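# Descriptive analysis of the structure
Residues per chain, in single letters:
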Amino acid sequence: MLTLPGAIKSQSQQETNQMPSYTDFYRRSIDERDSFWAEQAALIEWQRPFDQVCDATDPRFPKWFAGGLTNLCHNAVDRHLRERADQAALIFVSSETGVEKTWSFRELHAEVQRFAAILKAQGVGCGDRVLIYMPMIAEAAFAMLACVRIGAIHSVVFGGFASHALSSRIDDAQPVLVVSADAGMRGGKVVAYKPLLDEAIELASHKPAKVLMVDRGLVDFAPVPGRDLDFAAERAARMDAVVPCEWVDSAHPSYILYTSGTTGRPKGVQRDTGGYAVALAASMRHIYMAQPGETFFSTSDIGWVVGHSYIVYGPLLNGTATVMYEGLPTRPDAAVWWRIVEQYKVNVMFSAPTAARVLKKQDPACLTRHDLSSLKALFLAGEPLDEPTATWMSEAIGKPVIDNYWQTETGWPILAICNGVEPAPTRYGSPGMAVYGFDVRLIDETSGEEITEPNHKGVIAVQGPLPPGCLQTVWGDDERYVKTYWSSVPGRALYSSFDWGVRDADGYYFILGRTDDVINVAGHRLGTREIEESISSHAAVAEVAVLGVADALKGQVAMAFVVLKDAALAAEPADALKLEGAIMKQVDEQLGAVARPARVRFVSLLPKTRSGKLLRRAMQAVCEGRDPGDLTTMDDPGALQQIKDLLGGPDARPA
Ligand code: ATP
Ligand code: MG
């Protein structure tokens, strides 16, 4: 096995404490791109070295580590057998079923080979797609690793999606085989998967030949003869399976993952192999400060990009144990995650602001009941992290809370604090600075010009080529890929994030929301995020969504939907009115009267995607009396119903 000398150098550099300044590190990643990434590439093993670090002939379609042969599963599992075979690799905890089980790298290696042997026996080959529709159980990770082991392309579909969302992904990815389970569990309730899967296959025009069923014994189901296979029986027949890794080209697709669908029809993000492995391995050290032998706990789901990058691949590539958790943050109580931290000596944790907001409504004593001394930091990503939530969370657990900003498309952070390179203070409200490899620019939306002076609002864009690990294309649709991401400034290879941001004089960025969240009130362009920040700093507020609603007079007005820390505060109409006034006054004082929402309404929950992202698009449609469209990614339909009901009452439409 070949390793390149570069990483050895950068490692020993760190050991002798000659850490480069982050500014130098970043500059090198842009100005000396190829030598920089050649060094990082030594963090993984190559079966055949690459001929070229980056073939950026077309910067929108770069080929990272061209000519190199490698394998994600080899790097995540097999290579660790040499030094850490008996170290924990996968720690599974389910607060739903009470099951807790740890697999060492050796045991994980055996399970993945058994799984790969089952796939091969069904004729799954290199380049074939396998759709994984699974709850958060270890077999889901085995399935992912088994796929990349044999060069098959997995497409994990979040287990909370119903048949319609699933069938459209089946048609798009065209899998030869589906891996699923009888059921998942959520908040103590069994959610049967099989009927949803059967219905999805019924709805889809593409029919997968085989369905591999993991039977957890949670609910009875009827196998379809000739199509459905029983995982336990198939596994039992292959206990000693030896399935070597298929060495694939660095550019070979490892997986397809659909974006959350917050803004529209989900896009099938296609990821490569070599670039992704290098990017993740590097990010574990430079951004998340996790060492081999340590333990990483990401509370996400394998159905999302955080689950792919930082439950399965990132930690394992780095020789770090990973915790896979099935359950809610609040069951049996809000201490459950912190009990896991104590018990498994978790060093680094990764979650989402939405979870922090959920915990904010619970007894804070739960967060300090356990010994958190192993924990270095809690990273949060996925949604804007408002200052009050960040401060509250950090004080509640007594640990740094570190924001980072990225997208399904990029697979790893665009903006972060690279504490593993050079520690830097966080600034609340900012996910940090441009991450090495990302040539981040701010673009004036109307002129297409670059904004260079500090504190000016622009669209966050990245000068192509994107660094390793980002999307190669939209699966099966290069045209949609180019049209969607690379066409905002004609004649320039600029990747658009569709998020607004500003950069301060020190290079810290602040995200101001999505470009389609900007509202226009009587000629003033306002970011809904800014109004939300202001409202959420009110002591009574747990969570808020602000959206622009069409208004005959002003073009648009802002509507605010607020979840209170204590619902009783607005139980009486008179109290609600008073609180509405107080919140409006606060916005007036902080942002000016122009930003004041026309209405503030109190709800018990907000409509979100299953990944915890606000569904502003759907809320806005309901407020404007339009059809909210595709709601298959929505978590709890009750949330949208509340808004509908509120609007049905007198005085509900915006002024
Ligand atoms: P779709 O693209 O299908 O509409 P989506 O954008 O919600 O879905 P994701 O890729 O899961 O799908 O989310 C990425 C987006 O989440 C970012 O573009 C940004 O709007 C938001 N986001 C992620 N991290 C942060 C953060 N730290 N601060 C602010 N916003 C964030
Ligand atoms: Mg998006």
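Values in this document were obtained by computation on a predicted structure and should not be read as measured data.

## So, the side chain of Asp272
Mapped onto the elements of the fold, Asp272 is located in the loop between β15 (268–271) and α11 (274–286). Buried charge without a salt bridge: Asp272, with Arg271 as the nearest opposite-charge side chain at an N-O distance of 6.6 Å. At 3.1 Å, the side chain of Asp272 forms a polar contact with the backbone nitrogen of Gly275. If near-sequence neighbours (up to four positions away) are discounted, Asp272 is found in contact with Trp64, Ser250, Ala251, His252, Pro253, Ser254 and Gln472.

## Focus: the UniProt feature "domain: Acetyl-coenzyme A synthetase N-terminal" (unreviewed entry) in the protein
Per the UniProt entry, the sites bearing "domain: Acetyl-coenzyme A synthetase N-terminal" (unreviewed entry) are residues 22–76 in this numbering. Secondary structure within residues 22–76 divides into 42% helix and 18% strand; the distance between the first and last C-alpha atoms comes to 28 Å.

## Focus on helix α9 (residues 194–203)
A turn of α-helix holds 3.6 residues, and therefore any two residues three or four places apart point the same way. Looking only at α9, the buried set comprises Lys194, Leu197, Ala200 and Ile201. Here the buried residues of α9 occupy an arc of 125° about the axis, which is enough to place them on one side. Seen from the buried face of α9, the exposed residues on the opposite side, beyond 90 degrees, are Pro195 and Glu202. The inward-facing, buried residues of α9 abut β6 (129–133), α8 (163–173), β8 (177–181), β10 (189–192), β11 (210–214) and β12 (228–230).

## Some words on the sheet that holds strand β19 (residues 377–380)
With mixed pairing, seven strands are arranged side by side in an open sheet as β5-β4-β17-β16-β18-β19-β20. Edge positions in the sheet fall to β5 (100–104) and β20 (401–403), since each of these pairs with one other strand and no more. When the angles between neighbouring strand axes are averaged without regard to direction, this sheet yields 20°. Lying over the sheet, helix α6 (residues 105–121) contacts β4 (88–94) and β5, oriented at roughly 90° with respect to β5.

## Things to note about the pattern of salt bridges
Under the definition given, this model contains 35 salt bridges. Taking the shortest distance from any N to any O, the salt bridge between Arg331 and Glu96 comes out at 3.9 Å. In this pair, Arg331 sits in the loop between β17 (321–326) and α13 (336–344) while Glu96 sits in the loop between β4 and β5, placing the two residues 235 residues apart along the sequence. A relative accessible area of 29% places Arg331 in the partly exposed class. Here Asp506 ties to Arg427 by a salt bridge, and the two come within 2.9 Å at their closest N and O atoms. Here Asp506 is found in the loop between β26 (494–503) and β27 (509–514), whereas its partner Arg427 is found in the loop between β21 (415–416) and β22 (433–434), with 79 residues between them in sequence. Owing to a relative accessible area of 29%, Arg427 belongs among the partly exposed residues under this scheme.

Definitions and cut-offs
- Residues numbered from 1 in each chain as written.
- Chains lettered and ligands numbered in written order.
- Predicted model: local features only at pLDDT ≥ 70, side-chain atom pairs only at ≥ 80, totals over all residues.
- Heavy atoms only, no water.
- Helix = DSSP H or I, 4+ residues; strand = E, 2+ residues; numbered from the N terminus.
- Buried < 20%, exposed > 50% of the residue type's maximum accessible area, 1.4 Å probe, protein only.
- Lys, Arg positive; Asp, Glu negative; His and termini not counted.
- Salt bridge = Lys/Arg side-chain N within 4 Å of Asp/Glu carboxyl O.
- Polar contact = N/O pair within 3.5 Å; in protein donor to acceptor, adjacent residues only side chain to side chain.
- Contact = heavy atoms within 4.5 Å.
- UniProt positions renumbered as here; feature names shortened; annotations may be inferred.
- Arc of directions from axis to C-beta.
- Pairing = 2+ DSSP bridges.
- Axes fitted to C-alpha atoms, helices over the stretch in contact; angles between N-to-C directions.

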